[in-house]
Amino acid sequence: MPSASASRTRRAWCGLWIGLVTMTIAILSAPAAMLVFAFTMVQAGLSDLTTMKIRNGLVLLFLLAYVVLAPLAGLTAHEIGWSVATAAGVLAVAFIFFALGWIGGGDAKLAAVTALWLGADHTAIYLIYTALLGGALTVGLLLFRMPTLPAWLHDKPWVAQLH
């Protein structure tokens, strides 16, 4: 039968091991979240530019990644709750914009999930930058569509679609 001292030592090592594993998961989940966020934004942007569609699967994967990574990264239930409330508000307003024909459905869903990731603190500035850059992109596309498309660009389907 092990002594009381050996049992305490074993419990201490177990506690240390669990603490290290938990700390390692929290430390690794934040960079993983940044990679997922960056990949999703780039993929959505390229997809929207070339096909004028943002796939539901990409948005759902982005949502699922948040559900898994947010608690692992150390966000509290309170922070996650505020992020969910912010995302719900963004989704409601974005669907009104969709109904008015101002944005696409994929844009609306992506904006809501992005707000979820950014949280209540950073969503307002994200929406301001998105509106400003989206307006600049719209003006650029309108200017691009004014002249006739050069012949050498006709065989590029995504360029022809933008024109």
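Anything mentioned here points back to the structure above.
What comes next is a walk through the structure. Owing to the predicted nature of the structure, the values given are computational and were not obtained by experimental measurement.

Glancing now at the overall build of the protein. Helix and strand content of the protein: five helices and zero strands. Counting helices and strands in the order they occur from the N terminus, the protein gives α-α-α-α-α. Sorting the 163 residues of the protein into buried and exposed places 22% on the buried side. Partitioning the intrachain contacts of the protein with sequence separation of at least 6 by distance along the chain shows that 58% fall at a separation of at least 24.

This paragraph deals with helix α3 (residues 77-99). If you check α3, its first and last C-alpha atoms are 33 Å apart, about what 23 residues at 1.5 Å a residue would give, namely 33 Å. Where α3 is concerned, the buried positions are Ser-83, Thr-86, Ala-87, Val-90 and Ala-94. Tucked inside the fold, the buried residues of α3 contact α2 (56-72) and α4 (105-145). Of the residues one or two after α3, Gly-101 is the one with positive phi, at around 85°.

Right, let's get into the packing of α2 against α4. Running from N to C, α2 and α4 point in directions that differ by 15°, and their axes come no closer than 10 Å. The angle between the axes of α2 and α4 places the two elements in the roughly parallel class. In terms of crossing hand, the pair formed by α2 and α4 is left-handed. Contacts from Asn-56, Val-59, Phe-62, Leu-63, Ala-65, Tyr-66 and Leu-69 of α2 reach α4 at Lys-109, Leu-110, Val-113, Thr-114, Leu-116 and Trp-117. Residues belonging to the contact of α2 with α4 are distributed by class as follows: 10 nonpolar, two polar and one charged.

This next bit is on the packing of aromatic side chains. Any pair of aromatic rings gets described here by the distance separating the centres and the angle formed by the planes. Evaluation of the coordinates by the stated rule reveals six aromatic pairs. An angle of 50° between the planes, with centres 5.9 Å apart, marks the rings of Phe-37 and Trp-117 as tilted. Linking Phe-37 in helix α1 (residues 4-51) with Trp-117 in helix α4, this pair joins segments that are 80 residues apart in sequence. You can call Phe-37 partly exposed: its relative accessible area is 24%. Ring geometry for Phe-62 against Trp-117: centres 4.9 Å apart, planes inclined by 15°, an arrangement best described as stacked. Note that Phe-62 is positioned in helix α2 and Trp-117 in helix α4, a separation of 55 residues in sequence. Of the two residues, Phe-62 and Trp-117, neither departs from the other in class, the shared state being buried.

A word on the environment of Ala-111. Note that Ala-111 resides in helix α4. Excluding residues within four positions of it along the chain, Ala-111 makes contact with Val-90 and Tyr-126.

Moving on to the nonpolar core. Counting residues in each nonpolar core, the largest one holds 15 residues, and the members touching the most others are Leu-110 and Trp-117. Elements represented by at least two residues in this core include exactly α1, α2 and α4. Not counting residues up to four positions away in its chain, the partners in contact with Trp-117 are Ala-33, Val-36, Phe-37, Phe-62, Ala-65, Tyr-66 and Leu-69. Of all hydrophobic cores here, the second largest spans five residues; its members include Ala-111, Ala-112, Ala-115 and Tyr-126.

Parameters at a glance
Residues numbered from 1 in each chain as written. Predicted model: local features only at pLDDT ≥ 70, side-chain atom pairs only at ≥ 80, totals over all residues. Heavy atoms only, no water. Helix = DSSP H or I, 4+ residues; strand = E, 2+ residues; numbered from the N terminus. Buried < 20%, exposed > 50% of the residue type's maximum accessible area, 1.4 Å probe, protein only. Contact = heavy atoms within 4.5 Å. Expected span 1.5 Å × (residues − 1). Axes fitted to C-alpha atoms, helices over the stretch in contact; angles between N-to-C directions. Parallel < 35°, antiparallel > 145°, perpendicular 65-115°, else oblique. Left-handed = near helix turned anticlockwise from the far one by under 90°. Nonpolar A, V, L, I, M, F, W, Y, C, P; charged D, E, K, R; others polar. Phe/Tyr/Trp six-rings, centres within 6.5 Å; stacked < 30°, edge-to-face > 60°. Core = buried A, V, L, I, M, F, W, Y, C linked by side-chain atoms within 4.5 Å.

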